[in-house]
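A look at the structure
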Amino acid sequence: STVAAPASAQEVVQDPKQPSVENPHMHIYGNDDLSQCFSHFDGNDTTGSSSEGYGEEIWTSQNSQIEMDYTCKMQESFKQDMYLDDNGTIDILLTFKIYANENGCGGSAVCENLNLTLFKGTFELARQEFPNVPLNDNDYTLNWQIPIDKNMTRFNRTEEPQIRVEFSYPGYNDAITGCFLFYCGGEFRMYYHTPGNDSAEVEFPVVNQTLPGGGGEGEGIGGAISDAVPGFGLIAGIGALALAAVGASRFSREE
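Conventions adopted
- Residues numbered from 1 in each chain as written.
- Predicted model: local features only at pLDDT ≥ 70, side-chain atom pairs only at ≥ 80, totals over all residues.
- Heavy atoms only, no water.
- Core = buried A, V, L, I, M, F, W, Y, C linked by side-chain atoms within 4.5 Å.
- Buried < 20%, exposed > 50% of the residue type's maximum accessible area, 1.4 Å probe, protein only.
- Helix = DSSP H or I, 4+ residues; strand = E, 2+ residues; numbered from the N terminus.
- Contact = heavy atoms within 4.5 Å.
- Patch = residues over 30% accessible without salt bridge, like charges linked within 9 Å, V, L, I, M, F, W, Y side chains within 5 Å.
- Areas by Shrake-Rupley, 256 points an atom, 1.4 Å probe, with all protein chains shown as cover.
- Salt bridge = Lys/Arg side-chain N within 4 Å of Asp/Glu carboxyl O.
- Lys, Arg positive; Asp, Glu negative; His and termini not counted.
- Charge placed at Lys NZ, Arg CZ, Asp CG, Glu CD.
- Polar contact = N/O pair within 3.5 Å; in protein donor to acceptor, adjacent residues only side chain to side chain.
- Phe/Tyr/Trp six-rings, centres within 6.5 Å; stacked < 30°, edge-to-face > 60°.

A word on the nonpolar core
- Residues Tyr70, Ile90, Phe96, Phe188, Met190 and Phe204 are the most contacted members of the largest nonpolar core, which totals 45 residues.
- Where this core is concerned, the elements lending two or more residues are β1 (25–30), β4 (65–74), β6 (89–99), β7 (112–120), β8 (123–130), β9 (136–147), β11 (161–170) and β12 (186–191).
- Among residues more than four places away in sequence, those in contact with phenylalanine 204 are Pro24, Met26, Phe41, Met82, Leu84, Ile90, Phe155 and Pro161.

Observations concerning unusual backbone geometry
- One non-glycine residue, leucine 34, lies in the positive phi region at around 65°.
- With respect to the helices and strands, the residue leucine 34 is situated in the loop between β1 and β2 (37–40).
- Positive phi, close to 75°, is recorded for threonine 158, a residue that is not glycine.
- When you line up the elements, threonine 158 lands in the loop between β10 (154–155) and β11.
- For threonine 158, a relative accessible area of 64% puts it in the exposed group.

Considering a negative patch on the surface
- Taken together, Asp32, Asp33, Glu52 and Glu57 make up a surface patch of like negative charges.
- For aspartate 32, the position within the fold is in the loop between β1 and β2.

A word on the environment of glutamine 18
- Tracing the chain through its elements places glutamine 18 in the segment before β1.
- A C-alpha to C-alpha distance of 9.8 Å links glutamine 18 and methionine 74, two positions 56 residues apart in sequence.
- In this structure, glutamine 18 is in contact with Asn23, Phe41, Glu76, Ser77, Phe78 and Lys79, ignoring residues within four places of it in sequence.

Some remarks on the side chain of histidine 27
- Note that histidine 27 resides in strand β1.
- Classification of histidine 27 by relative accessible area gives buried; the value is 6%.
- A distance of 3.4 Å separates polar atoms of two side chains, one belonging to histidine 27 and the other to histidine 193.
- Ignoring sequence-local partners within four residues, the contact set of histidine 27 consists of Phe38, Ser39, His40, Phe41, Asp42, Gly43, His193, Ala200 and Glu201.

Overview of the pattern of salt bridges
- What the rule picks out here adds up to nine salt bridges.
- A salt bridge links glutamate 187 to arginine 189, with the nearest nitrogen and oxygen atoms 3.6 Å apart. The exposure classification of glutamate 187 matches that of arginine 189, with both residues buried.
- One salt-bridge network, in which partners are shared between bridges, spans Asp69, Arg127, Arg164 and Glu166.

Looking at the packing of aromatic side chains
- Here the structure, examined in full by the defined rule, presents eleven aromatic pairs.
- Relative to phenylalanine 188, the ring of tyrosine 70 lies with its centre 6.4 Å away and its plane at 80°, an arrangement referred to as edge-to-face. Pair noted here: tyrosine 70 is in strand β4 and phenylalanine 188 is in strand β12, with a separation of 118 residues, a long-range link. For the pair shown, tyrosine 70 and phenylalanine 188 are each scored as buried.
- For the ring pair phenylalanine 155 and phenylalanine 204, a centre distance of 6.0 Å and an interplane angle of 70° mean the geometry is edge-to-face. Remark: phenylalanine 204 occurs in the loop between β13 (201–203) and α1 (232–254) and phenylalanine 155 occurs in strand β10; sequence separation between them is 49 residues. An identical accessibility class is assigned to phenylalanine 155 and phenylalanine 204; each is buried.

Here is the structure:
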């Protein structure tokens, strides 16, 4: 039996919005009021992102609670699984500007520092509190480094990375003048990626997964990774079936 296979696999055209070894930086974008936050891997495509380069929410009334809870999600699904170096780290670099009453805690006041959570799809990978972020209306850049563990070595399609941002603190009040003479409330701002500004990105230690015999759920027939080259798993499978057919026919003739 003879099975014909294509002379060459279909060439993969790299999408700049998708991760690769040469393109490991996921950039954060969003709209003016932080109601929409999204990400992709193209550092030159700011379509749909705020022209100011940041999103913010401002409170101007007494007894305000400066409270934020939003999630930055991938703009589109992965076209192939993303594999990470199990000895590497995920580096998250974000810049915030927060104005809130750091002395307003006490009694029934809610005071929760800035918290970031990294998800793989809906699965929580890591969560970190950042108590040193100032609340004095100054820019602050944080760098969160997350060592790779067994849950992070592969991001399947439909399990794209997401970052949740949480913060809650009282705003400033002026009970005497009713905020007519002094600024009340507060502000929360997060900066987005713009070309030349790398302060809103996540760097993944992306690796190629092409070596056979590595084990795990990603293996195809013959120990090859089915995602390594489009069509390779199919070709290997057809070849294996052809060899089995040849072996079976020879065995029958010898009997």
